[in-house]
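Here is what each chain is made of, one letter per residue.
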Amino acid sequence: MPAFNKILIANRGEIACRVMRTAKELGYRTVAVYSEADAGARHVQVADEAVCIGPAQVNQSYLVIDNIIKAAQKTGADAIHPGYGFLSENADFARACEAAGIVFIGPTVEAIHLMGSKRLSKIAMLEAGVPCIPGYEGAAQDDETLVREAERIGYPLMIKASAGGGGRGMRLVHQASELQEQIRTARSEAQNAFGSGELILERAVIRPRHVEIQVFGDQHGHIVYLGERDCSVQRRHQKVVEEAPCPVMTPELRRAMGEAAVKAAARVNYVGAGTVEFLLDASGEFFFLEMNTRLQVEHPVTELITGQDLVAWQIRVAEGQALPLKQDEITLSGHAMEVRLYAEDSAHNFLPQTGRVLRWEPELLEGIRIDHGLVEGQEVTPFYDPMLAKVIAYGATREDARRKLVRALENCVLLGVNGNQRFLANLLANPEFAASNATTAFIAEHFASDESLAPQAPAASELAIAAALLYQESAGSRAHQAGLAGWRSAGSAPWRFILKQGEHKHEIELDVLGDGAQPHLRARVGDSQVELHLLASDGRWLTLEQDGIRRRQAYHHDGDRLWLFGHFGNLELTDVTHEPAGGQNAASSGAVKAPMDGAIVDVLVEEGARVSKGQLLVVLEAMKMEHPLKAGADGVVRRVGVSQGDQVKNRQLLVEIEADEA
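Residues numbered from 1 in each chain as written. Predicted model: local features only at pLDDT ≥ 70, side-chain atom pairs only at ≥ 80, totals over all residues. Heavy atoms only, no water.

The chain appears in an unreviewed UniProt entry as Biotin carboxylase from Aquipseudomonas alcaligenes. On record in UniProt, under Catalytic activity (unreviewed entry), the comment for the chain is "N(6)-biotinyl-L-lysyl-[protein] + hydrogencarbonate + ATP = N(6)-carboxybiotinyl-L-lysyl-[protein] + ADP + phosphate + H(+)". The UniProt entry for the chain carries this comment under Cofactor (unreviewed entry): "biotin". (UniProt positions renumbered as here; feature names shortened; annotations may be inferred.)

Caption draft 1: Spotlight on the sheet that holds strand β7 (residues 157-161). The four strands are arranged β6-β9-β7-β8 in an open sheet whose pairing can be described as antiparallel. Unpaired on one side and paired on the other, β6 (135-136) and β8 (170-173) mark the two borders of the sheet. With two bridges connecting them, β6 and strand β9 (residues 199-203) associate as antiparallel partners. Looking across to β9, one finds that G135 is bridged to E202. Its contacts with the sheet put helix α6 (residues 118-128) on β6, β7 and β9, and the angle it makes with β9 is roughly 50°. (Pairing = 2+ DSSP bridges. Helix = DSSP H or I, 4+ residues; strand = E, 2+ residues; numbered from the N terminus. Contact = heavy atoms within 4.5 Å. Axes fitted to C-alpha atoms, helices over the stretch in contact; angles between N-to-C directions.)

Caption draft 2: Representation of the layout of surface pockets within the structure. Approximately 500 Å³ is the volume attributed to the second largest pocket. Lining the second largest pocket are 19 residues, with E410, N411, W541, R552 and F565 sitting closest to its centre. Elements with a minimum of two residues in the lining of the second largest pocket: α16 (460-482), β31 (549-558) and β32 (561-566). At four residues, β31 tops the list of elements feeding residues into the lining of the second largest pocket. Of the residues that constitute the lining of the second largest pocket, the class distribution is seven nonpolar, five polar and seven charged. Two domains each donate at least three residues to the lining of the second largest pocket, and these are domain 4 (334-447) and domain 5 (460-575). (1 Å grid on protein atoms, 1.4 Å probe; cavity = no way out; pocket = protein on both sides within 12 Å on 5 of 7 lines; lining within 4 Å. Points joined across faces, edges and corners; volume = space filled by probe spheres on them. Nonpolar A, V, L, I, M, F, W, Y, C, P; charged D, E, K, R; others polar. Domains from an automatic or database assignment.)

Caption draft 3: Spotlight on the packing of helix α7 (residues 143-153) against helix α8 (residues 176-194). One can describe the packing of α7 onto α8 by two numbers: an axis separation of 11 Å at closest approach and a directional angle of 130°. For the element pair α7 / α8, the angle class is oblique. Like other packed secondary-structure pairs, α7 and α8 cross with a definite hand, here right-handed. Counting all contacts with α7, which are made through D143, L146, V147, A150 and E151, the residues of α8 involved are A176, L179, Q180, I183 and R187. Grouping the constituent residues of the contact of α7 with α8 by class yields six nonpolar, one polar and three charged. (Parallel < 35°, antiparallel > 145°, perpendicular 65-115°, else oblique. Left-handed = near helix turned anticlockwise from the far one by under 90°.)

Caption draft 4: Quick look at the side chain of E303. Note that E303 resides in helix α10 (residues 299-306). For E303, a relative accessible area of 6% corresponds to the buried category. With residues up to four places along the chain from it excluded, the contact list for E303 reads R18, Q308, D309, L310, V311 and R369. (Buried < 20%, exposed > 50% of the residue type's maximum accessible area, 1.4 Å probe, protein only.)

Caption draft 5: View of unusual backbone geometry. For the bond from Y155 to P156, the omega torsion is 0°, close enough to zero to count as cis. Following the sequence through the fold, P156 ends up in the loop between α7 and β7. Geometrically, the link from A244 to P245 is a cis peptide bond, its omega value of 0° lying close to zero. Mapped onto the fold, P245 is located in the loop between β14 (241-244) and α9 (251-266). Phi is positive for N269, close to 50°, though the residue is something other than glycine. In this fold, N269 is placed in the loop between α9 and β15 (272-280). Located in the positive-phi region is N349, a residue other than glycine, with phi close to 55°.

Caption draft 6: Fine view of the nonpolar core. Residues V233, V241, W360, L427, L428 and F433 are the most contacted members of the largest nonpolar core, which totals 36 residues. Of all elements in the fold, only β17 (335-342), β22 (368-372), β24 (387-395), α12 (398-410), α13 (421-429) and α15 (442-446) reach the threshold of two or more residues within this core. In terms of domain composition, this core takes at least three residues from each of domain 2 (123-132 + 207-333) and domain 4 (334-447). Residues within four places of V233 in sequence aside, it is in contact with Q238, K239, V240, V241, L427, F433, A438, T439, F442 and I443. I7, I15, A23 and I315 belong to the second-largest nonpolar core, a separate cluster that totals 31 residues. (Core = buried A, V, L, I, M, F, W, Y, C linked by side-chain atoms within 4.5 Å.)

Caption draft 7: How the structure looks around the pairing of β17. Of all the eight residues making up β17, eight are buried; the element is thus mostly covered by neighbouring parts of the structure. Of the two faces of β17, both are covered, the one formed by H335, M337, V339 and L341 as well as the one formed by A336, E338, R340 and Y342. Bridge analysis of β14 against β17 gives four bridges, and the strand direction is antiparallel. Bridge pairing in β17 places A244 opposite A336.

So, in structure tokens, the structure goes:
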């Protein structure tokens, strides 16, 4: 008899959909779990069966072990795949599966427990002879000990959450004066994200490459490595671009790192998929960073260059089968590159974004793979990580993969929610990155002034297209009523539109040069003139001709709001042409508003208190990250509208300051 027949995926979003795809191909039934906020999510629709496991908050749904075990028992699922994140590296969860007689598709409880602690795993790696970064990994966690050990290690140094991952609970400290505040923030973020505030300290390795080795073990004592991935391009210690193989790898270095990774896995008798992460310095010396006892976000690049399905390997190993390949049978071919599509606004310090997905239409080409969990109409909420999808490209060479990935990103239509496509496309096009020179310092040193990182006004052509679409709909409506398709007498006044983007208004005048079903229009935007010939539109795509060039434009129109997929991604415009003069007053510099939906972690001021510009007032938690909100002016706090634990909406007034007169 087989070990199991039905697999419950204890996760959500793109990874749940990814695991289900392979499970179905192998003939297994699948079960999804979902929170109340995810009732309409794609992973729920893809699964054979689905069970609601609680409210939106992760600590009441996806992190509740009992609810997931009960869902498996209720549906008859005899195996659980944890995906990544949530409970994937939780030893108690693996133990609960074992106690319930359910196969956990992952490593042993002992391996998860040891490698899930950066502190304990580093001690084990030192004992096993794996090269490690000098630092402090002791049990004493009081501030006095950490300050003393930091002085011994020297600056700059890294604070890391022992139970952490994904850049949460991690801080780079340049000098002693910053240490205690960064310890407090890292500890708080780690406690909220992982349920443990335990920290380690390490000497900061400046400008290294971040290189990780994919390892796999079975229940028969076999362990292999499947090449490496370069994950050097990072922002806030979160990986941005992952590629395989590493551009500077040599056969000798690959063998040395691979054998070190296998040694690390063997130290804990490792079973299943795991990743041993290293920092590689310019001299070729490498240091153990951590071991992740789960499938990685970036596993597709390894799949593409090895031709192997790593989820299928996980399932077969969990059934007790031997590894499909021996070490000398694993070969690498071509190059693969992956980026993470996030709901975030790179022009405003990467603020996570919430809202409804109005359009999702990625371009699928030969060599392009999209792993996603999106359906049009779903809400992107503040309760979960903002990653929406992974865009992966494969080519015979690194340049082939890079070029394909840029095109795929530029044509990946996402409307209704801001995404980071332009940031990613510009990064991939950067000469330093294209030349394979990127280290972990790449973004700070070579990309900090990129246009995708600052607000940009809409181009005249984008505003002209928006006005043309509004004109066409208005003219079409009038034609429907009166049978006069956009008709105006010659010499009549031009059409005038006022479109608002954020707090900025833009005025556009349209002259109708030729009416009918395919109107010719001339738009005046400031000092610019744009001529357009509208050929066809279907509510999703506009076909137009501009300067003799025919192209298509993705859009979505609802009431007075229009979304265009423009040069900077999701461009949202509001038609305020007929809004009464004056409108609403803009918020003063003394109004502190929520930059997104989220939960209030801390309120640091009281009404009547005097504050200074830049002073920390409120800490907001959204999408697993803490966001400090500071005073925009000197003055006196006249109103505090929230308390710790409150859920708040985007643009909600939190604190009101009566600013001092200039």
